[in-house]
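Observations on the model geometry
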Amino acid sequence: MNIDRIMEELTLEEKASLCSGLDFWHTKPVERLDIPSVMVSDGPHGLRKNTEDSDNPNESIKAVCFPTASALASSFDRTLLETMGKAIGEECQHERLAVVLGPGCNIKRSPLCGRNFEYFSEDPYLAGQLAAAHIKGVQSRGVGTSLKHFACNNQECRRMSVSAEVDERTLREIYLAPFETAVKEGKPWTVMCSYNRINGVYSSQNKRLLTDILRDEWGFKGLVMSDWGAVDDRVEGIKAGLDLEMPTSYGKNDRLIVQAVEAGELDEAELDKCVRRILEMADRYLENAEPETVWDMDRHHQLARKIEAECIVLLKNEDNLLPLDSKKKIAFIGKFAETPRYQGGGSSHINSFRVTSALEAVSEYAEVDYAEGYSISGGADEAKLLNEAVTCAEKADIAVIFAGLPDEYESEGYDRNHMRMPESQLRLIDEICRVNRNTVVVLHNGSPVEMPFADKVKGVLETYLGGQAVGGAVCDVLFGKANPCGKLPETFPVKLSDNPSYLNFPGEGDKVKYSEGVFVGYRYYDYKEIAPLFPFGHGLSYTTFEYSGLKLSHSEISGDKTLTAEVTVKNTGSVSGKEIVQLYVSEKRPQVIRPVKELKGFEKILLKPGEEKKVLFRLDSRAFSYYCEEQNGWRADYGEYEIMVGSSSGDIRLRESVYVSSGEKVRADFTLNSTFGDIMAAPEGRKIFSGLVAVANVGADESDPAIMGEGSLQMAESMLKDLPVRGIVSFTENPDVNRESLQLMIDRLNNEING
Ligand code: BGC
């Protein structure tokens, strides 16, 4: 397309019309200028494309449901996400889609968010890395993605009106950080703005978010579309950088755009920017379309099984009960063995062409007895189901219970209000444990649940919502064909009230205060020393790993230097296995309140029995930084940091220290209202002001600095710590200490520091 020429020929009305959808899934064409209508579809873990003859978004073509983000994140595997992305990209090519909507990289602030299964993690580094990999995979096939939901869409409750009240530091460190990585590294064709408001302003008309940060700071070059129905004021949206409104507005908002330009309220140049980006997206589609691409559903079903086997997390394995010995008498219990729950409700719901249950797949390994145990749809005789299950478990050597959350518990559109599993399932697990000591629970859920049974059962496998081939993957892991290698991308708290957002979720009316600040997930549990049920990063294997030889490239680094950390990991067990090596950074004595440690690196490695490998991590200055609101930027304070390497956030194996300086000098801006504490923290301040501290009459014994003992000097300093400098005139008779002389000292201090 010759976009420059088209821009000249488009009328105002045509330009405005391009800025909203034709219908639920298509952009508008302008036939006289050969501008095509292109199609977008959900996403993210497979295609939910409408059937040709229906515009009911719930009637979609048969497709492959890959594991959802909740499961994918447990893989901690960038390559795996790229592989899945490529497969989805192929499907899009076959189906003539320009963009597949997703991935979502919103932070899991509360386990209650109904849409957590579509998101990756409570940790911004992990979420950003995986979102970038997903994007790269899909886009390597010449198809676009839409990174969503930008930003702070961390709950479903009142999602279209609620305002997330977040301070700048928290916004940058936690909620924007995954988007920043995904945008900078993944370079998505499009970004989808969220429904909610941030500090009062709707994302769909938030210039700071959509232009100042996304485009100007992060260098995003693509198109921004609205979430479906997220537009409040369309003209403000154009000014803010919201290019495409989805779905359609039936021409209503297009007319408002035209009127605003005609009335001089909207500069046509602003509209042109949006139109150009819409044309660029359509052009990209035309340039890259390969409709002859073959979509091999069977192959993708197999791939979905392989991927899920890399995601399943072994949470507990007492007495090495797993892997199962197929010669033993095994009972599968629970309706989910027969009808697994493998995806969530809402816009990501896929019309799976096939579903493999564990009950079906187990025939590849062993013969098992089966009892339904509980019903999902209700209306059944629960007591009868329970009795049958107990009888079945009694006769078995090992009972494997398939449990979790039914569909209605979690979905797009609403949040949970508790973290419990259904009573019928809890009762079943209890009763089975009474008759069979070798019980394993296999969980199907999109978000953490409380596990009152955790101490009673010997094994727990977390499958999350594992896609349509989940049953095959579960059997591969249960019988040891696949060695479990997933780890939790979020903390499982003992109970809901332990969670940091507990007091402020989902907020009051249309406001939700993110009062816990940066202390989200393990950042909070660590700091408060609240023992979780299972910590972030936890996951067992059928083998064991030993960590040794942590070496850092420098003992001190500054400015833009990169620190390299190297560690050796050895498989000390008897089967091959993959380990997710995690690196956390911790500032020893931070000047601002900071989490005890933060994930800044992870690598997944495959090791044969006895094999060892070196794992390398590279850390740039951002890995040590916090967001400094005063300076509007990232800042690593000078001081000692600890590099921690371990197998989970709760299992740090090795530590090494490094000294870091940001390299940038902070501009000093002291005034008469600065406190002695702040001034004395700078070496220059100490030099200029310590004499003054000694003359202050604040109860320390002597007043002559020459004879003042170290102890009293320290005491005086502590007492003056919070006193503004100007206040000292009231604590000394010395006539030379007055506002004028103090101001001269302050000026000298600022000059010395700023040079
Ligand atoms: C969801 C988006 C989705 C869109 C289109 C919205 O309700 O929030 O995630 O992509 O619908 O189905």
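Here, the structure is the one placed above.
In short, a report on the structure. In this text, all values refer to a predicted model and were calculated from it rather than measured experimentally.

Below, the discussion takes up the overall build of the protein chain. Within the protein chain one finds 22 helices and 27 strands. Considering the protein chain as a whole, with its 755 residues, one finds that 61% of them fall into the buried category. Considering only intrachain contacts with a sequence separation of at least 6, the fraction spanning at least 24 residues in the protein chain is 75%. With the model as given, the accessible surface of the protein chain reaches about 29,600 Å², and the carbon-plus-sulfur share is 46%. Charge separation in the protein chain, taken as the distance between the mean sites of 87 positive and 119 negative side-chain charges, equals 3 Å.

Neighbouring the ligand are 14 residues, the closest being D42, R115, H149, Y195 and D227. A distance of 3.3 Å separates an oxygen atom of the ligand from a polar side-chain atom of R48. With respect to the ligand, the side chain of Y195 contributes an N or O atom lying 2.9 Å from an oxygen atom. When the free accessible area of the ligand is taken as 310 Å², the share hidden by the protein chains comes to 94%. When the residues that make up the shell around the ligand are grouped by side-chain class, the tally is five nonpolar, two polar and seven charged.

By the definition in use, this model includes four cavities of 30 Å³ or more. Put simply, the largest cavity is a space of about 80 Å³. Along the wall of the largest cavity there are 13 residues; nearest its centre are K108, P111, E122, T491 and N499. If you count residues domain by domain, the lining of the largest cavity takes at least three from each of domain 1 (10–288) and domain 2 (298–528).

Our next topic: the packing of aromatic side chains. Taken as a whole, this structure holds 20 aromatic pairs when the rule is applied. Pairing Y522 with Y584 gives two aromatic rings, centres 5.9 Å apart and planes at 85 degrees, and the pair type is edge-to-face. Note that Y522 is positioned in helix α18 (residues 522–528) and Y584 in strand β21 (residues 577–587), a separation of 62 residues in sequence. Exposure remark for Y522: the relative accessible area of 2% places this residue in the buried category. Taking the centre distance of 5.3 Å and the plane angle of 85 degrees together, the rings of F624 and Y641 count as edge-to-face. Remark: Y641 occurs in strand β26 (residues 639–648) and F624 occurs in the loop between β23 (612–619) and β24 (626–628); sequence separation between them is 17 residues. Look at F624 and you get buried, because its relative accessible area is 0%. Of the aromatic side chains, those joined through ring pairs into one cluster are F76, Y125, Y522, F536, Y584 and F602.

Attention now goes to the sheet that holds strand β27 (residues 651–661). Strand order in the open sheet formed by five strands is β19-β27-β26-β21-β22, with mixed pairing between adjacent strands. Looking at strand neighbours, the two that pair on one side only are β19 (556–558) and β22 (598–607), the edges of this open sheet. Taken pair by pair, the neighbouring strands of this sheet meet at an average axis angle of 30 degrees, ignoring direction. In this sheet, β27 lies alongside β19 in parallel orientation, the contact comprising three bridges. Its bridge partner lying in β27, I557 is registered against V660.

What follows deals with the environment of E59. Here E59 shows up in the loop between β1 (40–42) and β2 (62–63). Taking relative accessible area as the criterion, E59 reaches 40% and is therefore assigned partly exposed. The spacing of E59 and R48 is 11 residues in sequence and 8.6 Å in space, taken between C-alpha atoms.

Now for the nonpolar core. Within the largest apolar cluster, 183 residues are counted, with the highest numbers of intra-cluster contacts made by L10, F150, F332, I333, F402, M451 and L478. Among the elements that line this core, the one with the most residues is helix α11 (residues 268–288), at eight residues. Grouped together as the second largest cluster of nonpolar side chains are 26 residues, A565, V615, A623 and Y641 included.

Turning our attention to the layout of surface pockets. Considering only enclosed or pocket space, the second largest pocket measures out at about 480 Å³ in volume. Y125, T181, K600, D620 and R622 are, among the 19 residues lining the second largest pocket, the residues nearest its centre. Secondary-structure elements contributing two or more residues to the lining of the second largest pocket are α5 (124–139), α7 (177–186), β22 and β23. With five residues, the top contributor of residues to the lining of the second largest pocket is α7. Taken together, the residues of the lining of the second largest pocket sort by class into six nonpolar, three polar and 10 charged.

The rules behind the values
- Residues numbered from 1 in each chain as written.
- Predicted model: local features only at pLDDT ≥ 70, side-chain atom pairs only at ≥ 80, totals over all residues.
- Heavy atoms only, no water.
- Helix = DSSP H or I, 4+ residues; strand = E, 2+ residues; numbered from the N terminus.
- Buried < 20%, exposed > 50% of the residue type's maximum accessible area, 1.4 Å probe, protein only.
- Contact = heavy atoms within 4.5 Å.
- Areas by Shrake-Rupley, 256 points an atom, 1.4 Å probe, with all protein chains shown as cover.
- Lys, Arg positive; Asp, Glu negative; His and termini not counted.
- Charge placed at Lys NZ, Arg CZ, Asp CG, Glu CD.
- Near = heavy atom within 4 Å.
- Polar contact = N/O pair within 3.5 Å; in protein donor to acceptor, adjacent residues only side chain to side chain.
- Nonpolar A, V, L, I, M, F, W, Y, C, P; charged D, E, K, R; others polar.
- 1 Å grid on protein atoms, 1.4 Å probe; cavity = no way out; pocket = protein on both sides within 12 Å on 5 of 7 lines; lining within 4 Å.
- Points joined across faces, edges and corners; volume = space filled by probe spheres on them.
- Domains from an automatic or database assignment.
- Phe/Tyr/Trp six-rings, centres within 6.5 Å; stacked < 30°, edge-to-face > 60°.
- Pairing = 2+ DSSP bridges.
- Axes fitted to C-alpha atoms, helices over the stretch in contact; angles between N-to-C directions.
- Core = buried A, V, L, I, M, F, W, Y, C linked by side-chain atoms within 4.5 Å.

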